[in-house]
Amino acid sequence: MARNKYPDRTEKLIIEVATKLFLEKGYENTSLNDIIANLGGLTKGAIYQHFGSKEDILNAVMYQVTASSDDKLLELINSKDLSAKEKIKAVLLSSINESARRKETSIVIDYTKNPLIFRNMFTELINEVAPMFIRPLIEEGIKEGTIKTDSPKELSEFLAIMFNIWVNPAVCPATPEEAINKYKLLSQMLKQMGLDIVDEEVLNAVRQMY
């Protein structure tokens, strides 16, 4: 059998088809056969040349969905116009606004039925999000004298988990009242370290999301 001369094009097609189906049917309700049926004649072998499982396809889809947001966050982190504390608040607001923007169009995943996906997300938060996006800001704030902690690594992991799991309605569903209470509790905890970032602007963004 002739080798596919355009593997990148095939991979892009698989991601595009899977994204459309995940959005329309939901991740759980989309099978590999559904994806294959919309690939214009490509076979299951074409998928397995690029992805080992449906979970791998989802990871590629989510990377495409979040890549532009990550670029914006890196630009924000490198800004010279904001203090470290202001940057962390901006990261939080960006997370809330992104959740609101994707609320009706995002890929819905039932994490209780997909423990492997949840574990992969948790691992990414600890190994990538915390050290890449949050810890540099905490260390910057320590140097500025605005953030009080002797454990920047652990605090960055805590914030990554709180921002992306505990207060994320896609992972931990909550009523509007419960969500506001979560943010108020988070505010009390963070103030002890000089991170008084959960203010009325943040709470209003949460209310608008709901």
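The following paragraphs examine the structure supplied in this document. (Residues numbered from 1 in each chain as written. Predicted model: local features only at pLDDT ≥ 70, side-chain atom pairs only at ≥ 80, totals over all residues. Heavy atoms only, no water.)

## Notes on the overall build of the protein
- For the protein, the helix and strand inventory stands at 9 helices and 0 strands.
- Along the protein, from the amino end to the carboxyl end, the secondary structure elements read α-α-α-α-α-α-α-α-α.
- Of all 210 residues assigned to the protein, the portion counted as buried reaches 40%.
- A sequence separation of at least 24 residues applies to 67% of the contacts in the protein between residues at least 6 apart. (Helix = DSSP H or I, 4+ residues; strand = E, 2+ residues; numbered from the N terminus. Buried < 20%, exposed > 50% of the residue type's maximum accessible area, 1.4 Å probe, protein only. Contact = heavy atoms within 4.5 Å.)

## Describing the pattern of salt bridges
- Scanning the model with the defined rule gives 9 salt bridges in all.
- A salt bridge links Glu201 to Lys89; the shortest N-O distance between them is 2.8 Å. Residue Glu201 is located in helix α9 (residues 200-209), and its partner Lys89 is located in helix α5 (residues 84-101); the two are separated by 112 residues in the primary sequence.
- Judged by relative accessible area, Glu201 falls into the partly exposed class, the value being 47%.
- Put simply, Glu200 and Arg207 hold a salt bridge, and the shortest N to O gap is 2.9 Å.
- For Arg207, a relative accessible area of 40% translates into the label partly exposed. (Salt bridge = Lys/Arg side-chain N within 4 Å of Asp/Glu carboxyl O.)

## Things to note about the nonpolar core
- Core analysis: the largest hydrophobic core is formed by 61 residues, its most contacted members being Phe22, Ile35, Ile47, Ile57 and Tyr183.
- Of all the elements in the fold, those that place two or more residues in this core are α1 (7-25), α2 (32-37), α4 (54-77), α5, α6 (115-144), α7 (152-166), α8 (176-191) and α9. (Core = buried A, V, L, I, M, F, W, Y, C linked by side-chain atoms within 4.5 Å.)

## Comments concerning the packing of aromatic side chains
- A complete count under the given rule lists 1 aromatic pair for this structure.
- The interplanar angle of 65° and the centroid separation of 5.3 Å between the aromatic rings of Phe22 and Tyr27 together place this pair among those described as edge-to-face. Per residue, the accessibility class of Phe22 equals that of Tyr27, and both read buried.
- Directly above the aromatic system of Tyr27 lies the positively charged group of Lys54, at a separation of 4.2 Å from the ring centroid. (Phe/Tyr/Trp six-rings, centres within 6.5 Å; stacked < 30°, edge-to-face > 60°. Lys NZ or Arg CZ within 6 Å of the ring centre and 35° of its normal.)

## A short note on the packing of α7 against α8
- Packing of α7 against α8 brings their axes to within 12 Å, and their N-to-C directions diverge by 175°. In this view, α7 runs roughly antiparallel relative to α8, as classed from their interaxial angle. The segment α7 lies against α8, with Phe158, Leu159, Met162, Phe163 and Trp166 engaging Lys182, Leu185, Leu186, Met189 and Leu190.
- For the contact of α7 with α8, the residue count by class is 9 nonpolar, no polar and 1 charged. (Axes fitted to C-alpha atoms, helices over the stretch in contact; angles between N-to-C directions. Parallel < 35°, antiparallel > 145°, perpendicular 65-115°, else oblique. Nonpolar A, V, L, I, M, F, W, Y, C, P; charged D, E, K, R; others polar.)

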